[in-house]
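What follows is each chain in one-letter form.
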Amino acid sequence: QGKAGSSRRQTAQPRAADNSHTMTARLKKSRHLRGQVSNGRGRIGKHRKHPGGCGNSGGQHHHRINFDKYHPGYFGKVGMRNFHLI
């Protein structure tokens, strides 16, 4: 009963993260493309961080079709101004 190797359950040890779903490094596309210049992204139209601009940029310029089609009335004013003059 009071022995060091008793059958009482010890406190649970934290488990190691289950990495069974992660891909092995040797099978990744980046390993296959190692040594290539542009990593499969093309030399001319380069892989840039935000090629169209960040967020809602270009709504009145190069993204106008998208804004007009999916967000009509996004730009402009509507209604009467109400100055709180008291």
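Up top you'll find the structure we're talking about.
Q: Looking at this structure, how should I read the overall build of the protein?
A: What the protein contains, in helices and strands, is 2 helices and 0 strands. Surface exposure of the protein reaches about 9400 Å², of which carbon and sulfur atoms provide 52%.

Q: Help me understand the packing of aromatic side chains, please; the structure alone is not making it clear to me.
A: This structure, assessed with the given rule, holds 3 aromatic pairs. Arranged with centres 5.2 Å apart and planes meeting at 70 degrees, the rings of F67 and Y74 form a pair that is edge-to-face. Accessibility expressed as a relative area gives 45% for Y74, which makes it partly exposed.

Q: Would you take a moment to explain the environment of G58 for this structure?
A: Here G58 shows up in the loop between helix 1 (29-32) and helix 2 (64-70). Residue G58 is classed as buried on the basis of its relative accessible area of 12%. If sequence neighbours within four positions are ignored, G58 has contacts with H63 and R64.

Rules of the game
Throughout this document, residue positions are counted from 1 along each chain, in the order its sequence is written. Predicted model: local features are reported for residues with pLDDT of at least 70 only, side-chain atom pairs are reported and counted for 80 or more only, and whole-chain, interface and lining totals are derived from all residues. The side-chain quantities take in all heavy atoms of the structure and omit both hydrogens and water. Strands here are runs of E lasting at least two residues and helices are runs of H or I lasting at least four, both read from the DSSP assignment and numbered beginning at the N terminus. Per-residue accessibility takes into account occlusion by the displayed protein chains alone, with areas from the Shrake-Rupley method and a 1.4 Å probe. Aromatic pairing here means that ring centres of Phe, Tyr or Trp (its six-membered ring) are within 6.5 Å. Orientation follows from the plane angle: under 30 degrees is stacked, over 60 is edge-to-face, and everything else is tilted. Here's how the labels work: a residue is buried when its accessible area is under 20% of the maximum for its type, exposed when over 50%, partly exposed in between, all with a 1.4 Å probe on protein chains only. Only heavy atoms matter for contacts: two residues are in contact if any of them lie within 4.5 Å across the pair.

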